[in-house]
Amino acid sequence: MPLTDFSIIESTLREGEQFVGAEFTSQDKVEIAGALADFGVEYIELTSPCASPSSRTDCARIASLSLASKILTHIRCHMEDARIALDTGADGIDVVIGTSSYLREFSHGKSIDQVIEVASEVLTFIHSQAPEIELRFSTEDSFRSAQADLLRVYLAVGELEVVDRLGVADTVGVATPHGVFNLVRTLRQLTQSDIEFHGHNDTGCAIANSYAALEAGATHIDTTVLGIGERNGITSLEGLIARLYATNPDSVRTKYRLHQLHDLNQLVADKVEIEIPFNHYITGVTAFTHKAGIHAKAILNNPETYEILDPADFGLTRYISIAHKLTGWNAVQDRAAQLGLELDPANLRAVTRHIKAMADHKRLTLSDVDELLHQWADAVNGSGEEASTATQEARVA
Ligand code: HCA
Ligand code: CU
């Protein structure tokens, strides 16, 4: 399958609400859902309506807004949860039940046979009540579940012919791209269903795992804005977009309004009271900052030399840092031109040497460098003659 036929299930308002800093009000949820829909995600997943009274009313409210994204809600594999979810008016219901020995023993206490039994009951019930509803069934902690157990469960669920999508969840972030690829490929071969992947990031593999799932034929990937979720979260929307853009920029540009990504990040960051991490994919403050002189020179000639993502596609700009000892004269020349200063190559090289020497002794700011460039240009122009660069160095020292 080409890596263009996929959908994002944006779970900031479900998994993201499980982030320790998230306390979304009803108004916050409406605002975030609107921003996600404007960005263009195909699905928005909402917290279980059984979680609290406002979770229930917010779910119904957002489902009634006719947003461009489909609205999903997320429930445990319980009959009572299913009844309540059906009442929300959501376009789809995501049902999940743990299959690893950890969760079977220490969470819900059911055997695999009992898991199959309750899943059959709940899924058949939902489908009988609302055949038009998009129904997904997932196992929780899929990657620490015995493969034989998993396949028994998925095949039994598949035989019901009521489910649109099977989900696999790396609940604890233990999976590797290779393991995800193999499991998704196996499910693709054994079933006709669409496949969803949900990956936690405890060991830093969430984006790579999501990508491996797509390569193996997964059709839906779960994300949250800034990756927020339980513990250190899941695949971030921005990380997945960056990864997919690197493979096929046109598909990502067509599907999503990339210029809105930064504002969407800022909105969620403000609501959960964190900063966008400096090194975050696309939207982090250093994501398009270049430093070393060798990089800066090449970037100024052709940005593709050191950029796989074009900041302009995201409404952002690159920045070349020059106030440090690794700087180079091409970058300094670029800055001088921005300041409207004329310096010949010999003077640019000399002033660059000067910046490096200064930076060996103290941390410089861009203002320090700008001031130096102005002084240097004044000295050159003020001299009225072709002063030697050594003279200039002496003058501004
Ligand atoms: C949870 C667990 C879950 C479910 C994922 C899914 C996980 O908090 O309910 O339904 O696909 O990581 O296993 O988020
Ligand atoms: Cu999760």
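Each value, and the rule that gives it
- Residues numbered from 1 in each chain as written.
- Chains lettered and ligands numbered in written order.
- Predicted model: local features only at pLDDT ≥ 70, side-chain atom pairs only at ≥ 80, totals over all residues.
- Helix = DSSP H or I, 4+ residues; strand = E, 2+ residues; numbered from the N terminus.
- Rg over C-alpha atoms; globule rule 2.2 N^0.38 Å.
- Buried ≥ 20, exposed ≤ 12 C-beta atoms within 10 Å, placed from the backbone.
- Contact = placed C-beta atoms within 7 Å.
- Domains from an automatic or database assignment.
- Core = buried A, V, L, I, M, F, W, Y, C linked by C-beta atoms within 7 Å.
- Pairing = 2+ DSSP bridges.
- Axes fitted to C-alpha atoms, helices over the stretch in contact; angles between N-to-C directions.
- Left-handed = near helix turned anticlockwise from the far one by under 90°.
- Nonpolar A, V, L, I, M, F, W, Y, C, P; charged D, E, K, R; others polar.
- Near = placed C-beta within 6 Å.
- Expected span 1.5 Å × (residues − 1).
- Arc of directions from axis to C-beta.

Describing the overall build of the chain
Logical step 1: Within the chain, the regular secondary structure consists of 16 helices and 10 strands.
Logical step 2: Against the compact-globule benchmark of 21 Å for 397 residues, the chain has a radius of gyration of 27 Å, which places it well outside the compact range.
Logical step 3: Across its three principal directions, the C-alpha atoms of the chain cover 90 × 40 × 35 Å.
Logical step 4: The burial tally for the chain puts 45% of its 397 residues in the buried class.
Logical step 5: Summarising the internal contacts of the chain: among those between residues at least 6 apart in sequence, 71% fall at separations of at least 24.

A word on the domain arrangement of the chain
Logical step 1: Domain annotation for the chain reports domain 1 (7-272) and domain 2 (289-396).
Logical step 2: Once you take the C-alpha centre of each, domain 1 and domain 2 turn out to be 48 Å apart.
Logical step 3: The interface of domain 1 with domain 2 comprises 8 residues on the first partner and 6 residues on the second.
Logical step 4: The set of elements that each furnish at least two residues to the side of domain 1 that touches domain 2 consists of helix 9 (237-247) and helix 11 (261-271).
Logical step 5: When residues in the side of domain 1 that touches domain 2 are grouped by element, the largest group, 3 residues, is from helix 9.

Regarding the environment of Glu10
Logical step 1: Note that Glu10 resides in strand 1 (residues 7-10).
Logical step 2: C-beta crowding within 10 Å serves as the criterion here: with 29 such atoms nearby, Glu10 is assigned to the buried category.
Logical step 3: Taking the C-alpha atoms as reference points, Glu10 and Leu103, separated by 93 residues in sequence, lie 25 Å from one another.
Logical step 4: Beyond its immediate chain neighbours, meaning those up to four positions away, Glu10 contacts Leu36, Val41, Tyr43, Ile44, Glu45, Thr223 and Leu237.

Some remarks on the nonpolar core
Logical step 1: Counting 89 residues, the largest nonpolar core has Ile44, Ala119, Leu123, Val184, Ala213, Ile221 and Ile241 as the members making the most contacts within it.
Logical step 2: In this structure, Ile241 is in contact with Val252, Tyr256, Leu261 and Ile282, ignoring residues within four places of it in sequence.

Overview of the sheet that holds strand 4 (residues 92-98)
Logical step 1: Overall, parallel pairing links the 8 strands, which are arranged 1-2-3-4-5-6-7-8 in a closed barrel. Direction aside, neighbouring strands of the sheet carry axes that sit 25 degrees apart on average.
Logical step 2: Here 4 bridges tie strand 1 to strand 8 (residues 220-223), and the two strands are oriented parallel to one another. Across the sheet, Ile9 pairs through a bridge with Asp222, a residue of strand 8.

Describing the packing of helix 1 (residues 26-39) against helix 2 (residues 53-63)
Logical step 1: Packing of helix 1 against helix 2 brings their axes to within 10 Å, and their N-to-C directions diverge by 35 degrees. As for how helix 1 packs across helix 2, the hand of that crossing is right-handed. Only Ser54, Asp58, Arg61 and Ile62 of helix 2 make contact with helix 1, whose side of the interface consists of Ser26, Lys29, Val30 and Ala33.
Logical step 2: Each residue belonging to the contact of helix 1 with helix 2 can be placed in one class, and the counts come to 3 nonpolar, 2 polar and 3 charged.

Considering the site of ligand 1
Logical step 1: Taken together, the residues surrounding ligand 1 are Glu15, Gln18, His74, Asp94, Val96, Ser138, Glu140, Gly167, Ala169, Thr171, His198 and His200.
Logical step 2: For the shell around ligand 1, the residue count by class is 2 nonpolar, 7 polar and 3 charged.

A short note on helix 7 (residues 177-190)
Logical step 1: Helix length check: helix 7, at 14 residues, gives a terminal C-alpha distance of 20 Å against a target of 20 Å (1.5 Å per residue), a fit within 8%.
Logical step 2: Every buried residue belonging to helix 7 is among Val180, Phe181, Leu183, Val184 and Leu187, and all of these are buried.
Logical step 3: Contact partners of the buried residues in helix 7: helix 6 (147-160), strand 6 (165-170), strand 7 (194-199) and helix 8 (206-215).

What about helix 3 (residues 79-86)?
In an α-helix, one turn spans 3.6 residues, which is why side chains three or four residues apart end up on the same side.
Logical step 1: The complete set of buried residues in helix 3 reads Asp81, Ala82 and Ala85. One side of helix 3 carries all its buried residues, which in axial view fall inside an arc of 100 degrees. With respect to the buried face of helix 3, the exposed residues turned more than 90 degrees away are Met79 and Glu80.
Logical step 2: Lining the buried residues of helix 3 we find strand 3 (70-76), strand 4 and helix 5 (112-129).

What to know about the pairing of strand 5 (residues 134-140)
Regular strands place their side chains on alternate faces of the sheet.
Logical step 1: Counting buried residues in strand 5 gives 6 out of 7 residues, a clear majority hidden from the surface.
Logical step 2: Relative to strand 5, strand 4 runs parallel, the two being bridged by 7 bridges. Of the residues in strand 5, the one forming a bridge with Ile93 is Leu135.
Logical step 3: Pairing of strand 5 with strand 6 involves 4 bridges; the strand directions are parallel. Opposite Phe137, over in strand 6, you have Leu166 as the bridge partner.

Quick word on the environment of Val122
Logical step 1: Among the structural elements, Val122 can be located in helix 5.
Logical step 2: For the pair Val122 and Glu140, spaced 18 residues apart in sequence, the C-alpha separation works out to 16 Å.
Logical step 3: When sequence neighbours within four positions are dropped, the list of residues in contact with Val122 reads Cys77, His78, Met79, Ala82 and Val95.

Description of unusual backbone geometry
Logical step 1: With phi around 55 degrees, Ser66 is a residue other than glycine that occupies positive phi space.
Logical step 2: With respect to the element layout, Ser66 can be found in the loop between helix 2 and strand 3.
Logical step 3: Even without being a glycine, Leu226 presents a positive backbone phi close to 65 degrees.
Logical step 4: Locating Leu226 in the fold gives a position in the loop between strand 8 and helix 9.

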